[in-house]
Amino acid sequence: MLHVSGTRLRRADGQAVRLRGVGLGGWMNLENFITGHPANESSMRAAVREALGEERAALFFDRLLTSFFTDQDAALLADLGMNCVRIPINYRHFESDDRPFEIIEQGFHHLDRVIDLLGARGIYSVIDLHALPGSQNQHWHSDNPTHIAAFWQHRHFQDRVVHLWEALADHYRDHPWVAGYNPVNEPGDPSGKVVGPFYDRLVKAVRAADPRHVLFLDGNTYSTDFSVFREMYENTVFVCHDYALAGFAHGGGYPGFTRGEWCDRSELERTFAKRSSFQRETGTPLWVGEFGPVYTGDPERDRERYQILRDQLDIYDAHDAGWSLWTYKDVGLQGLVHASGPYLERFGAFIDKKRRLGADRWGSTMEEAGEVVGPLHTLVETEFPGWRPYPWGARYQTDDLIRHILIAQALLPEYAELFRGLDDSELLALADSFALAGCVRRQPLLDLLAGSLGTSGRPGD
């Protein structure tokens, strides 16, 4: 079992461990750009249940959990030289809104399975609560159907998360291959006044249930603001996220300008130094919980994206920082591997439509449907020049409300309708499209990671 010792994580025998691996996005926390659906997870599941019925929808989603990550996936990551997987989970696997505070024991089935598969390969897991009741941030990845992070407004939601983490910590308290707990992914408390006291309360509760495992705590405003921490907790890693501006879908050249801001390796270093300053000032371990560019399909632009990643990994090596690349598997935007087969045959045109409309925040260039959205941006800039909504300002807020909520939710019936009329074997084949054996490997990315991690050859071949 790992513990924090100064600026390092160490095993019980004193050996230092630098956690380097991937996030398992789109598995126990579904995300639109990862698995191809529109809007947020719970809205999508409701639409699919309406099309298939409860039992057959459950058949598909459980098979997806089974096929998405197996021992083959664990072996690939081990062959790459990775020693850590950050596992995002949605609270709905462990508690339902209509029966709060009642733990769903079945929720542990797949999480236990994958943690054990990884442990058998010498890979640690970080359990990441990615979606909290009421939503802890303003976006789809906290399963938020709105732009309001209600978690910070209601004590009831906070009480439920404390109770859930007591159950999770009790369940995994003796598991040696759980590196620790990442209890709140990317909090977005607009006031900045609730998150600090909540962390104080949560840390005490988790420590009472499990005094040994490491805590991985994200800063406020999507893990960028660490001023909310009022005290230093023992055995804790403070987690920064480090997405490069030029690596977003709307990123410009590298080196080059993105929306008027210059980005090159020196700027990446300056940005990382700023984002990790709290950790260095407090003498705690450096760990980047999320980072990584998205890919475009344009060979020249993607060559630049690989260079961004290569530069970031070199910077992390120079600072002895651990990292967790986002993300392992998807439908083709960012993953090390991506699904193919029946799922892409059935949903490929729909995914193209989402891309054309810019319905997914992650992967949008912010220019799609410009003839419609552009005048609205102009209107907002002209009529409300002083409007600076949290967290990223008027341009992003307008896009979120129009593209990523309104348009995304309007697409839900079309996505669900593509399930209608399929028999059980066809539903299982859709889910099995995410099994590694049928996936396409992003080989330049695999080779880059293998080189950074000190392995050689073509991993998994």
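Up top is the structure these notes are about.
Remember, predicted model here, so these are calculated numbers, not experimental data. (Residues numbered from 1 in each chain as written. Predicted model: local features only at pLDDT ≥ 70, side-chain atom pairs only at ≥ 80, totals over all residues. Heavy atoms only, no water.)

**Some points on the packing of helix H6 (residues 155-172) against helix H7 (residues 195-209)**
Closest axis-to-axis distance for the H6/H7 pair is 8 Å, and the angle between their directions is 25°. Comparing their axes, H7 and H6 come out roughly parallel. Classified by chirality, the crossing of H7 by H6 is right-handed. Where H6 approaches H7, its residues Arg155, Gln158, Asp159, Val161, Val162, Trp165, Glu166, Ala169 and Asp170 are matched on the opposing element by Phe198, Arg201, Leu202, Ala205, Val206 and Ala209. When the residues that make up the contact of H6 with H7 are grouped by side-chain class, the tally is nine nonpolar, one polar and five charged. (Axes fitted to C-alpha atoms, helices over the stretch in contact; angles between N-to-C directions. Helix = DSSP H or I, 4+ residues; strand = E, 2+ residues; numbered from the N terminus. Parallel < 35°, antiparallel > 145°, perpendicular 65-115°, else oblique. Left-handed = near helix turned anticlockwise from the far one by under 90°. Contact = heavy atoms within 4.5 Å. Nonpolar A, V, L, I, M, F, W, Y, C, P; charged D, E, K, R; others polar.)

**With respect to the sheet that holds strand S3 (residues 16-17)**
Taken in spatial order, the three strands of this open sheet run S1-S2-S3, and their pairing is antiparallel. Looking at which strands have only one partner, the edges of the open sheet turn out to be strand S1 (3-5) and S3. (Pairing = 2+ DSSP bridges.)

**Here we look at the packing of aromatic side chains**
Throughout the structure, instances matching the rule amount to 35 aromatic pairs. Here the aromatic rings of Tyr222 and Trp392 are separated by 5.4 Å at their centres, their planes lie at 55°, and the arrangement is tilted. Taken together, the residues span a long stretch of sequence, with Tyr222 in helix H8 (residues 220-223) and Trp392 in the loop between helix H13 (370-383) and helix H14 (394-410) at a distance of 170 residues. Judged by relative accessible area, Tyr222 falls into the buried class, the value being 6%. Ring centres of Tyr295 and Tyr306 lie 5.0 Å apart, and the angle between their planes is 35°; this geometry places the pair in the tilted category. Highlighted residues: Tyr295 in the loop between strand S12 (287-290) and helix H11 (299-318) and Tyr306 in helix H11, separated in sequence by 11 residues. This pair shows no difference in class: Tyr295 is buried, exactly as Tyr306 is. In this structure an aromatic cluster arises from ring pairing among Phe60, Phe61, Phe68, Tyr343, Phe347, Phe350, Tyr415, Phe419 and Phe434. Above the ring of Phe61, the side-chain terminus of Arg45 is found at 4.3 Å from the ring centroid. (Phe/Tyr/Trp six-rings, centres within 6.5 Å; stacked < 30°, edge-to-face > 60°. Buried < 20%, exposed > 50% of the residue type's maximum accessible area, 1.4 Å probe, protein only. Lys NZ or Arg CZ within 6 Å of the ring centre and 35° of its normal.)

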